[in-house]
Amino acid sequence: MRARTRTGLGVLAAGVASVLLAGTASAAPTPGAPGVGDSYYPNAGNGGTDVLHYDIRLTYQPATDVLAGTTTLLLTATQDLSRFDLDFALKASSVLVNNRPAQFANQNGDGELVITPAQPLLKGQTATVVVAYSDTPSTEKVDGLNAWKKGPFGALGVDEPQSSAWWFPANDHPTDKATYDVSIEAPDDNVAVTNGTLVRKTKSRAGWTRWQWRSTKQQATYLTSFIVGKYELNQATTPDGKPFISAYGSDLGDSLYAAKASVERTPEIDAFLATKFGPYPFEAEGGVVTSGIGFSLENQTRPTYGARNFIAGSNTTLIAHENAHQWFGDNVSLGRWSDIWLNEGFASYAEWLWSEHEGEGTVAELAQYTYDSNAADAALWKLVPADPGADNQFDNAVYDRGALTLQALRTAVGDEAFFKILQAWQAQKGGSNGRIQEFIALAEKVSGKPLYDLFQTWLYTSGKPAVGPNGTTAAVAARAASAPVKPQSFDQIQANHRNLAAEHKH
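**Brief notes about the packing of helix H7 (residues 396-413) against helix H8 (residues 415-429)**
At their nearest, the axes of H7 and H8 sit 6 Å apart, and the two run at 130° to each other. As summarised for this structure, H7 and H8 are arranged oblique, according to the angle between their axes. Remark: the crossing between H7 and H8 carries right-handed chirality. Along the contact surface, H7 presents Leu 406, Leu 409, Arg 410 and Val 413, while H8 presents Asp 415, Ala 417, Phe 418, Phe 419 and Ile 421. A breakdown of the residues in the contact of H7 with H8 according to their chemical character gives 7 nonpolar, no polar and 2 charged.

Written out as structure tokens, the structure is:
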């Protein structure tokens, strides 16, 4: 009996040892995933790393489109890593990880730079990764696409959902935000603009000037801009003491003064939006107007505007749209690209808020006119804003029906609760990212009302909602009227949305 017990104990001990050994083997460092699992863009971002800071130091020659320099990433491993990816379209010439040469494989059209460090990175370890490169961005494609803009205006690393891959290696997904130092050397007759504050401008060598910019708040990769060309750069201070930096392309022609009359009002517009959304979240403000794009993009602290948006004159509703993104999209970023409503629906609603502030149509009037002027079979009602698909991220339904959803929410919960919800979203999620379902849960918590049916109708179900965004009373009034009256600002807002959708890279 005892002998059998001893034998049993021996078997048990051997079994425990084998389990421990198996556990040790399974815990060996493994490769990080090539993406974060975004259904729209499977290779976007990377698994296994969290980037804390980017130090980007580049030289750019517009005449040849050659971009050269280094990007230093300070990142933390979120798992034991044998290797990891960075999203990058250009050809790296060397990679150091913690000062040791690392093996690397340049992407083959899929935008992945695969790095194998000399020693594995352990979970929780912070590492320094230095990538050196020299390439011509306009010649490199990822999945057949090129987001770099090159022309008489200079060069632009500005696009959505991806643009960083054409000028710095990154963890390119909104869920991994970081701080930035960006230093760009360019010929003396060019200006180099990006985000944040201009720390210094120095004469680096004969014929060249280096521009050093710093962003101290968490920032997504696609919101980080590269702008080099012939621009008029203006530096001022907002009434509350922040740097206000704007730039205007030398080729804007008749649109120049209209652009200035719009962008230079940014501090005023931001101050107004702050009364609705909470304090402005960043350390600087500004804007850039360029002929290099037709759309506009909410680059953090310094949106980039396509010049054609000012052909018909000043356009402050567009300034309100892109600066509303400083709260919705920049401060609180997308959890997944399918959550694009959290960006565009809110920024479009801000256009309505600004219109009402300017006396050019109230929010309720704009919402009702949008609802009434789109018949039940109109395209606006066919797309589901909560998950429009990668090819339809910037469809007008995401903008207009997205804004209508917010007006329906406001009608359901009342003004006080509505703006409390928006400000609570900023307070709780600022500097991070959020998902649509999290916003809905917050709206229910703050308002104390069940809102599932409302969001299901407006966000998740195709077809025109039976009751408009202003409720049943408004519906009766609308039927009594002979025809809906178009608010003054409506056409301009629609033109903004067409331009925003027209040239975004899908």
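**Some words on the sheet that holds strand E8 (residues 126-135)**
Overall, mixed pairing links the 8 strands, which are arranged E5-E4-E8-E2-E1-E11-E14-E13 in an open sheet. Both edges of this open sheet fall to strand E5 (100-101) and strand E13 (197-205), since each of them pairs with a single strand only.

**A few points about the packing of aromatic side chains**
Going through the model one piece at a time under the given rule, you end up with 31 aromatic pairs. Look at Phe 439 and Phe 455: their rings are 6.5 Å apart centre to centre, the planes differ by 85°, and that puts the pair in the edge-to-face class. With Phe 439 in helix H9 (residues 436-447) and Phe 455 in helix H10 (residues 452-458), this pair connects stretches of sequence that are 16 residues apart. By way of ring pairs, the aromatic residues Phe 277, Tyr 280, Phe 282, Trp 327, Phe 328, Trp 341, Phe 346, Trp 425, Phe 439 and Phe 455 are connected into one cluster. Its end group placed over the ring of Phe 419, Lys 276 keeps NZ or CZ at 5.2 Å from the ring centre. A cation over an aromatic ring shows up here: Lys 464 above the ring of Tyr 371, its NZ or CZ 4.4 Å from the ring centre.

**Brief notes about the sheet that holds strand E7 (residues 112-116)**
Whenever strands of a sheet pair, they do so through backbone hydrogen bonds, lying parallel or antiparallel. Spatial ordering of the open sheet is given by E3-E7-E6, a layout of 3 strands whose pairing is antiparallel. Lying at the two open borders of the sheet, with one neighbouring strand each, are strand E3 (84-87) and strand E6 (103-105). Sheet twist, expressed as the average angle between the axes of neighbouring strands with direction ignored, equals 25°.

**Describing empty space enclosed by the protein**
For the structure on display, the rule yields 2 cavities of 30 Å³ or more. By volume, the largest cavity is sized at about 40 Å³. Residues that form the lining of the largest cavity fall into these classes: 3 nonpolar, 4 polar and 2 charged. One number sums up the size of the second largest cavity: a volume of about 30 Å³. Lining the second largest cavity are Phe 328, Gly 329, Val 332, Ser 333, Leu 334, Leu 342, Asn 343, Trp 425 and Gly 434. Going through the elements one at a time, strand E21 (333-334) and helix H5 (341-358) are the ones with two or more residues in the lining of the second largest cavity. The residue inventory of the lining of the second largest cavity, partitioned by class, reads 5 nonpolar, 4 polar and no charged.

**Structural notes on the pattern of salt bridges**
Tallied over the entire structure, the rule returns 17 salt bridges. Here the residues in one salt-bridge network are Glu 185, Arg 205 and Arg 210, joined through shared partners.

**Some details on helix H2 (residues 256-263)**
Of all the positions in H2, only Ala 258, Ala 259, Ser 262 and Val 263 are classed as buried. The arc that holds the buried residues of H2, viewed along the axis, is 120°, so those residues lie on one side. As for H2, its buried residues are in contact with strand E17 (243-249), helix H3 (266-277), strand E18 (285-290), strand E20 (304-306) and helix H4 (316-324).

**Remarks on the pairing of E18**
The buried count for E18 comes to 6 of 6 residues, which makes it a mostly enclosed element. Taking every second residue as pointing to the same face, both faces of E18 are buried, with Glu 285, Gly 287 and Val 289 on one and Gly 286, Val 288 and Thr 290 on the other. Bridge count between E17 and E18: 5 bridges; the pairing is parallel. Looking at E18, one finds that Phe 244 is bridged to Glu 285.

**With respect to the layout of surface pockets**
In this structure, the largest pocket spans a volume of roughly 320 Å³. Of the residues belonging to the lining of the largest pocket, the class tally is 10 nonpolar, 4 polar and 6 charged.

**A look at unusual backbone geometry**
At the junction of Glu 160 and Pro 161, the peptide bond is cis and its omega measures out at 10° in the coordinates. Within the secondary structure, Pro 161 sits in the loop between strand E10 (154-157) and strand E11 (178-187). Although it is not a glycine, Asn 99 sits at a positive phi angle of roughly 70°. Topologically, Asn 99 is positioned in the loop between strand E4 (92-97) and E5. Positive phi, close to 70°, is recorded for Thr 301, a residue that is not glycine. Note that Thr 301 resides in the loop between strand E19 (296-297) and E20.

**A word on the side chain of Gln 219**
By the secondary structure assignment, Gln 219 is in strand E14 (residues 208-219). The contacts of Gln 219, once residues within four sequence positions are left out, are Lys 177, Ala 178, Tyr 180, Asn 195, Thr 224 and Gln 300.

**Regarding the pairing of E8**
Here 10 bridges tie strand E2 (residues 66-77) to E8, and the two strands are oriented antiparallel to one another. Across the sheet, residue Ala 68 finds its bridge partner in E8, namely Ser 134. Here E4 runs beside E8; their pairing, made up of 5 bridges, is antiparallel. Considered in E8, the bridge of Ala 92 is made with Tyr 133.

**Examining the packing of H3 against H4**
Packed helices, taken two at a time, are described by the angle their axes make and the gap between the axes. Viewed as axis vectors pointing N to C, H3 and H4 meet at an angle of 55°, and their least axial separation amounts to 10 Å. As far as their axial angle goes, H4 and H3 are oblique. Considering how the two elements wind past one another, H3 and H4 form a crossing that is right-handed. Contacts between H3 and H4 pair Thr 266, Ile 269, Asp 270, Leu 273 and Phe 277 from the former with Thr 316, Ile 319, Ala 320, Asn 323 and Ala 324 from the latter. For the contact of H3 with H4, the per-class residue count stands at 6 nonpolar, 3 polar and 1 charged.

Rules behind the numbers
- Residues numbered from 1 in each chain as written.
- Predicted model: local features only at pLDDT ≥ 70, side-chain atom pairs only at ≥ 80, totals over all residues.
- Heavy atoms only, no water.
- Axes fitted to C-alpha atoms, helices over the stretch in contact; angles between N-to-C directions.
- Helix = DSSP H or I, 4+ residues; strand = E, 2+ residues; numbered from the N terminus.
- Parallel < 35°, antiparallel > 145°, perpendicular 65-115°, else oblique.
- Left-handed = near helix turned anticlockwise from the far one by under 90°.
- Contact = heavy atoms within 4.5 Å.
- Nonpolar A, V, L, I, M, F, W, Y, C, P; charged D, E, K, R; others polar.
- Pairing = 2+ DSSP bridges.
- Phe/Tyr/Trp six-rings, centres within 6.5 Å; stacked < 30°, edge-to-face > 60°.
- Lys NZ or Arg CZ within 6 Å of the ring centre and 35° of its normal.
- 1 Å grid on protein atoms, 1.4 Å probe; cavity = no way out; pocket = protein on both sides within 12 Å on 5 of 7 lines; lining within 4 Å.
- Points joined across faces, edges and corners; volume = space filled by probe spheres on them.
- Salt bridge = Lys/Arg side-chain N within 4 Å of Asp/Glu carboxyl O.
- Buried < 20%, exposed > 50% of the residue type's maximum accessible area, 1.4 Å probe, protein only.
- Arc of directions from axis to C-beta.

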